[in-house]
Amino acid sequence: SAVISQKPSRDICQRGTSLTIQCQVDSQVTMMFWYRQQPGQSLTLIATANQGSEATYESGFVIDKFPISRPNLTFSTLTVSNMSPEDSSIYLCSVEAGFTDTQYFGPGTRLTVL
Amino acid sequence: GNSVTQMEGPVTLSEEAFLTINCTYTATGYPSLFWYVQYPGEGLQLLLKATKADDKGSNKGFEATYRKETTSFHLEKGSVQVSDSAVYFCALTYTGGFKTIFGAGTRLFVKA
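In this text the structure is predicted, and so the values were computed from the model without any measurement. For every chain, the first residue of its written sequence is number 1, and the numbers climb from 1 along that sequence. A letter from A marks each chain and a number from 1 marks each ligand, given out in the order of writing. Only residues with pLDDT of 70 or above have their local features reported here, since the model is predicted, and side-chain atom pairs are shown and tallied only from 80 upward, although totals for entire chains, interfaces and linings are computed over all residues. Hydrogens are left out, water is left out, and the side-chain values use all remaining heavy atoms of the structure.

A word on the overall build of chain A
Basically, it comes down to this: For helices the rule is a DSSP run of H or I covering at least 4 residues; for strands it is a run of E covering at least 2, with both sets numbered from the N terminus onward. Based on C-alpha atoms, the radius of gyration is set beside the globule rule, defined as 2.2 Å times the residue count to the power 0.38. We call a residue buried when its accessible area falls under 20% of the maximum for its residue type, exposed when it is over 50%, and partly exposed in between, using a 1.4 Å probe and counting protein chains only. For the purpose of charge, His is not counted, nor are the chain termini; Lys and Arg are scored as positive and Asp and Glu as negative. Charge positions are represented by NZ for Lys, CZ for Arg, CG for Asp and CD for Glu.
On a plain count of helices and strands, chain A comes out with zero helices and 11 strands. Walking chain A from its N terminus toward its C terminus, one meets helices and strands in the order β-β-β-β-β-β-β-β-β-β-β. At 13 Å, chain A has a C-alpha radius of gyration in line with the 13 Å of a compact globule built from 114 residues. Principal-axis analysis of the C-alpha atoms places the extent of chain A at approximately 40 × 25 × 20 Å. Counting every position in chain A, which comprises 114 residues, the buried fraction comes to 54%. Looking at charge distribution, chain A has the averaged site of its 7 positive side-chain charges lying 10 Å from that of its 9 negative ones.

Describing the side chain of D84 of chain B
Heads up, the condition is: Whether two residues are in contact is decided by their heavy atoms: any pair within 4.5 Å suffices.
Tracing the chain through its elements places D84 of chain B in the loop between β9 (75–77) and β10 (86–93). Not counting the four nearest positions on each side in its chain, D84 of chain B is found in contact with F62, K77, L108 and V110 of chain B.

Here's the deal with the sheet that holds β9 of chain B
Residue and element names in this part refer to chain B. Under the convention used in this document: For two strands to be treated as a pair, DSSP must find no fewer than two bridges joining them. Every angle, taken between N-to-C directions, lies between 0 and 180 degrees, and every axis is a line fitted to C-alpha atoms, over only the stretch in contact when it is a helix.
Read from one edge to the other, the open sheet built from four strands follows the order β3-β9-β8-β7, with strand pairing classed as antiparallel. Pairing within the sheet leaves two strands with one partner each, and these edge strands are β3 (19–21) and β7 (56–59). The sheet shows a mean angle of 15° between the axes of neighbouring strands, taken without regard to direction.

Examining the interface of chain A and chain B
Cut-off, in case you're wondering: By convention, the term buried area covers the 1.4 Å-probe accessible surface removed from two parts as they join, with the contributions of both added. Just to be clear on terms, a salt bridge is a Lys or Arg side-chain nitrogen sitting within 4 Å of an Asp or Glu carboxyl oxygen.
Each partner contributes to the interface: chain A provides 19 residues, whereas chain B provides 21 residues. A combined buried area of about 1,500 Å² lies between chain A and chain B, and 55% of that area is made up of carbon and sulfur atoms. The largest contributions to the chain A side of the interface with chain B come from S42, D101 and F105 of chain A, which together make up 33% of the buried area. At the boundary of chain A with chain B, the tally comes to zero salt bridges.

Observations concerning the state of the cysteines
Formally: Sulfur atoms of two cysteines make up a disulfide when they are within 2.5 Å.
Enumeration over the complete set of coordinates arrives at two disulfides over all chains. The residue that forms a disulfide with C23 of chain B is C90 of chain B, at a sulfur-sulfur distance of 1.9 Å. Classification of the bridge connecting C23 of chain B and C90 of chain B rests on its S-S torsion, roughly -70°, and on that basis the disulfide is left-handed. Here C23 of chain B, found in strand β4 (residues 23–26), pairs with C90 of chain B, found in strand β10; they are 67 residues apart in sequence, far enough to count as distant. Judged by relative accessible area, which is 1%, C23 of chain B ranks as buried. Here C13 of chain A is not cross-linked by a disulfide; its sulfur's nearest cysteine counterpart is in C93 of chain A, at 17 Å. Judged by relative accessible area, which is 8%, C13 of chain A ranks as buried.

Describing the pairing of strand β5 (residues 32–38) of chain B
Residue and element names in this part refer to chain B. With respect to burial, β5 is a largely interior element, seven of its seven residues being buried. The two faces of β5 match: S32, F34, Y36 and Q38 on one face and L33, W35 and V37 on the other face are all buried. Where β5 meets β10, seven bridges bridge the pair, whose relative direction is antiparallel. Bridging from a neighbouring strand, Y36 pairs with F89 of β10. Bridge count between β5 and strand β6 (residues 44–50): six bridges; the pairing is antiparallel. Opposite V37, over in β6, you have Q45 as the bridge partner. Linking two consecutive strands that pair antiparallel, namely β5 and β6, is a turn of five residues; a positive phi of about 75° is found at G41 within it.

Spelled out as structure tokens, the structure:
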């Protein structure tokens, strides 16, 4: 298994600003994932972040809006840029550990954009 | 394409009632199937999984059987508790694919 922490746990931001969310894992992992969970809805994969290469973005998500860093095997950041109220969501990072196909999730970052 | 469909919620039950949350999937090949649970204010956590046909995953009194013939993975519990109130997500992942597809989630309320 893997223990994942995220910072901040929640934030309220103004339109047009940017927020960087940090994800820390207690063990080295190859693949990290960033998801968005809009209110009352399921998870939507934003991108897959592998150490040493650029993130792979899903359809509908672009690097300019959601830049991701993955400097090492235990840490990643997701930035939500030029925010609008439509970006209000919970952002979750997860990892796939031990080639078990099982994902382990962080507690999430609850973002409100005014 | 691959997809997961689960019953719409919310589901409201009294304590000690029997729970079934239906989940069906569309996929080519042989995915692994999962149930994740999200308690209020928390991230998702794995509840149970099954990796091949006829496997039964079980945990905390919950169980689900991987039925390839009906492409289903229904979640059941014989006697729910108030503490089981949460959102339950059915999901599938391809071995080696590392991409998980989630159902829409089913919110469960259990009344004392």
